[in-house]
Amino acid sequence: MDELDSAKLFYIEGSPFARLCRILIEEWHLPVKSIPLDHPLPDDYFEITPTGQVPVLKTVGETIFPTSQIVEQLWAMTEEATEPYLDPLADRQILAVILEVGNFLVAAQQQVWAGLEPVGENVLGYNPRDRHILRGQKTLDWLEAQAGDWLIRDEPNVCDYAFACIVLWAESRMGAQWRDRKKLASIVDKLQERPSFKKIALAPYSA
Ligand SMILES: N[C@@H](CCC(=O)N[C@@H](CS)C(=O)NCC(=O)O)C(=O)O
């Protein structure tokens, strides 16, 4: 068994970040085995990663996280450049913003699933959940303003895939309304037709 054969991706069903990595593994035909874990993750999962989160990519001698680093590693494992493309340096800002908004939206929805309500005076001056959702909406406007047929260089890019995974998660879990951004909707519609998106479908929410 060579080094690539032994790579493993740890994931939980429903994670948009893990879904992105799994779809890329499928699209790029990479020899990475995806290993499902139960949610909530056990406390000893912190021995694998200090963030206690999925996805994590384990290769011989390396434990790689968070998602941005996994995506770069997967891209480096491709034998030749193939769709979806990635220029790790040039595309870094858009990818970082999309993944960051994913973090905010997941945090906002976890607040709801955890049944959290205010317990004291709001000295912060805003509701963090509302603020996270506003960040999401502003990011959609920002992406729509610069999109063409695709988000970057008019060819399918990892940023399109990351965006689709996050926004479809937000639509399913939060009821996010976003399809009035026509260029973004067209990008996601094209991706949803791909066998990889159908095969690695977003499972319905279960607590
Ligand atoms: N910033 C992280 C976000 C990953 C993340 O939010 N993972 C969630 C699932 S969507 C998770 O592992 N939640 C379980 C937990 O926090 O215990 C990344 O880019 O990988």
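On a predicted model such as this, the values are computed, not experimentally measured, just so you know.

Go over the packing of aromatic side chains with me, naming the residues and quoting the values.
Taken as a whole and assessed by the stated rule, the structure comprises 5 aromatic pairs. A ring pair is formed by W28 and W75, whose centres lie 5.3 Å apart and whose planes are at 55°; its orientation type is tilted. Residue W28 is located in the loop between α1 (16–27) and β2 (32–36), and its partner W75 is located in helix α2 (residues 67–77); the two are separated by 47 residues in the primary sequence. The burial state of W28 is the same as that of W75; both residues are buried.

So, helix α6 (residues 182–192): which residues are in play, and what are the values?
Along α6, the residues classified as buried are L184, A185, I187, V188 and L191. Projection of α6 onto a plane perpendicular to its axis shows the buried side chains occupying an angular sector of 160°, all on one side.

Explain the side chain of R19 to me, using residue names and the numbers behind them.
Of note, R19 is situated in helix α1. With no salt bridge to any partner, buried R19 finds its closest opposite charge in E13, at an N-O distance of 8.0 Å. Here R19 is in contact with C165, L168, F197, I200, A201 and L202, once residues within four sequence places are set aside.

Account for helix α5 (residues 158–174), with residues named and values stated.
Between its first and last C-alpha, α5 extends 23 Å over 17 residues, near the 24 Å set by a 1.5 Å rise per residue. Across the 17 residues of α5, 14 count as buried, placing the element largely inside the fold. Sitting at the amino-terminal end of α5 is N157, which places a side-chain oxygen 2.7 Å from the backbone nitrogen of C159. Looking one or two places after α5, you find G175, whose phi comes out positive at around 65°.

Describe the domain arrangement of the chain, and please don't skip the residues or the numbers.
Here the chain is partitioned into domain 1 (4–77) and domain 2 (92–195). For domain 1 versus domain 2, the separation of C-alpha centres amounts to 21 Å. Contact with domain 1, which involves 12 residues of that partner, is made by 14 residues of domain 2. Here domain 1 and domain 2 share an interface that buries about 1,100 Å² over both sides, 78% of which is from carbon and sulfur atoms.

Explain the nonpolar core to me, using residue names and the numbers behind them.
One broad trend across soluble globular proteins is that nonpolar side chains are buried collectively. Ranked by internal contacts, the top residues of the largest apolar core, which has 54 residues, are V32, L74, I98, L151 and F163. Of all elements in the fold, only β1 (7–11), α1, α2, α3 (92–113), α4 (128–146), α5 and α6 reach the threshold of two or more residues within this core. In terms of residue count, α5 provides more of this core than any other element does, 12 residues in total. Of the residues that make up this core, three or more belong to each of domain 1 (4–77) and domain 2 (92–195). Setting aside anything within four residues of it in sequence, one finds L74 in contact with C21, L24, I25, W28, L30, V32 and L57. F10, I12, Y45 and V56 belong to the second largest nonpolar core, which has 7 residues in total.

Help me get a handle on the pattern of salt bridges, residues and values and all.
If you walk through the whole model with that rule in mind, you get 9 salt bridges. Residue R181 pairs with D141 through a salt bridge whose shortest N-O separation is 2.9 Å. On the criterion of sequence distance, the pair formed by R181 in the loop between α5 and α6 and D141 in helix α4 is long-range, its members being 40 residues apart. Residues K198 and E193 are paired through a salt bridge, measuring 3.3 Å at the closest nitrogen-oxygen approach. Each of the salt bridges in this network shares a partner with another, and the network as a whole consists of D91, R153 and E155.

How each quantity is defined
Residues numbered from 1 in each chain as written. Predicted model: local features only at pLDDT ≥ 70, side-chain atom pairs only at ≥ 80, totals over all residues. Heavy atoms only, no water. Phe/Tyr/Trp six-rings, centres within 6.5 Å; stacked < 30°, edge-to-face > 60°. Helix = DSSP H or I, 4+ residues; strand = E, 2+ residues; numbered from the N terminus. Buried < 20%, exposed > 50% of the residue type's maximum accessible area, 1.4 Å probe, protein only. Arc of directions from axis to C-beta. Lys, Arg positive; Asp, Glu negative; His and termini not counted. Salt bridge = Lys/Arg side-chain N within 4 Å of Asp/Glu carboxyl O. Contact = heavy atoms within 4.5 Å. Expected span 1.5 Å × (residues − 1). Polar contact = N/O pair within 3.5 Å; in protein donor to acceptor, adjacent residues only side chain to side chain. Domains from an automatic or database assignment. Buried area = accessible area lost by both parts, 1.4 Å probe. Core = buried A, V, L, I, M, F, W, Y, C linked by side-chain atoms within 4.5 Å.

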